[in-house]
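Residue-level listing of the chains:
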Amino acid sequence: MPAPRKQPMRTCVACKTGADKRALVRFVRVASSLPADINSNDAALNPMADLSSVRLDRSGRMAGRGAYLCTQKGCFEKARKSKALERALRCPIPPADYDRLALEFLNLCATEHDSVGTVIHG
Ligand SMILES: [Zn+2]
């Protein structure tokens, strides 16, 4: 049978399960320097621009190094404990970032499974 080439496979960094890209949640490391406005001094004045940070990429199209997790709740914690996400993204992730990402991840999972009416309080 022909391989479905138009559906890129990605691997969950925690459980190593391969899945359709769209079935996984993408995390992306956002570069510290912004490609736009390199002639502007705004980046130097803004301390936030100096930090590289990890974001949850809902669109799957954000520029930067990406890593994927499947939508099992346990996989986020597994990736956190094993530092699999940090290794995949090649950057340290502070606890505050993990907490923020965990909330986004759980919210995303909750909305993905629309039959579940669970409300997650932050
Ligand atoms: Zn997984």
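## Let's talk about the overall build of the protein
For the protein, the count of helices and strands is four helices and five strands. A buried classification covers 18% of the 122 residues belonging to the protein.

## Examining the sheet that holds strand 5 (residues 65-70)
Sheet strands line up and pair through hydrogen bonds in the backbone, either parallel or antiparallel. Reading across the sheet, the three strands line up as 4-3-5 and stay open at both edges, with antiparallel pairing between neighbours. The open sheet is flanked by strand 4 (53-57) and strand 5, the only strands paired with a single partner. The sheet shows a mean angle of 30 degrees between the axes of neighbouring strands, taken without regard to direction. With six bridges joining them, strand 3 (residues 24-30) and strand 5 adopt antiparallel strand pairing. Of the residues in strand 5, the one forming a bridge with arginine 26 is tyrosine 68.

## Quick word on the nonpolar core
Nonpolar side chains in soluble globular proteins tend to end up buried together. Cys12, Val13, Phe27, Tyr68, Leu69, Cys75 and Ala79 are the most contacted members of the largest nonpolar core, which totals 19 residues. When residues of this core are traced back to their parent elements, those giving at least two are strand 3, strand 5, helix 2 (73-82) and helix 4 (95-112).

## Comments concerning the pairing of strand 3
The buried fraction of strand 3 is high, at six of seven residues. Inspection of the sheet shows strand 3 paired to strand 4 by five bridges, in the antiparallel sense. What sits directly across from valine 28, in strand 4, is arginine 55.

## A look at the environment of phenylalanine 76
For phenylalanine 76, the location among the structural elements is in helix 2. Separated by 61 residues in the primary sequence, phenylalanine 76 and cysteine 15 place their C-alpha atoms 9.8 Å from one another. Setting aside anything within four residues of it in sequence, one finds phenylalanine 76 in contact with Leu69, Ala102 and Phe105.

## Observations regarding unusual backbone geometry
For lysine 16, which is not glycine, the phi torsion reads 60 degrees and is therefore positive. With respect to the helices, strands and loops of the structure, lysine 16 is situated in the loop between strand 1 (9-11) and strand 2 (18-20). On the basis of neighbour counts, which here come to 9 C-beta atoms within 10 Å, the residue lysine 16 falls in the exposed class. The backbone of lysine 83 shows a phi angle near 60 degrees, a positive value even though the residue is not glycine. Overall, the presence of 12 C-beta atoms within 10 Å leaves lysine 83 in the exposed class.

## Concerning the confidence of the model for the protein
In low-pLDDT regions, the fine details of the predicted coordinates are not to be read closely. Looking at the protein as a whole, the pLDDT averages 80, with 70% of positions reaching at least 70. Averaged over each element, pLDDT in the protein is lowest for helix 1 (residues 42-45) (49) and highest for helix 3 (residues 84-89) (96).

## What about helix 2?
Among the residues making up helix 2, those that are buried are Cys75, Phe76 and Ala79. For helix 2, the arc enclosing every buried residue in end-on projection is 105 degrees, short of the 170-degree limit, so these residues lie on one face. In this structure, helix 2 carries Lys73, Gly74 and Lys81 as exposed residues pointing more than 90 degrees from its buried face.

The rules we used
- Residues numbered from 1 in each chain as written.
- Predicted model: local features only at pLDDT ≥ 70, side-chain atom pairs only at ≥ 80, totals over all residues.
- Helix = DSSP H or I, 4+ residues; strand = E, 2+ residues; numbered from the N terminus.
- Buried ≥ 20, exposed ≤ 12 C-beta atoms within 10 Å, placed from the backbone.
- Pairing = 2+ DSSP bridges.
- Axes fitted to C-alpha atoms, helices over the stretch in contact; angles between N-to-C directions.
- Core = buried A, V, L, I, M, F, W, Y, C linked by C-beta atoms within 7 Å.
- Contact = placed C-beta atoms within 7 Å.
- pLDDT = per-residue confidence, 0-100.
- Arc of directions from axis to C-beta.

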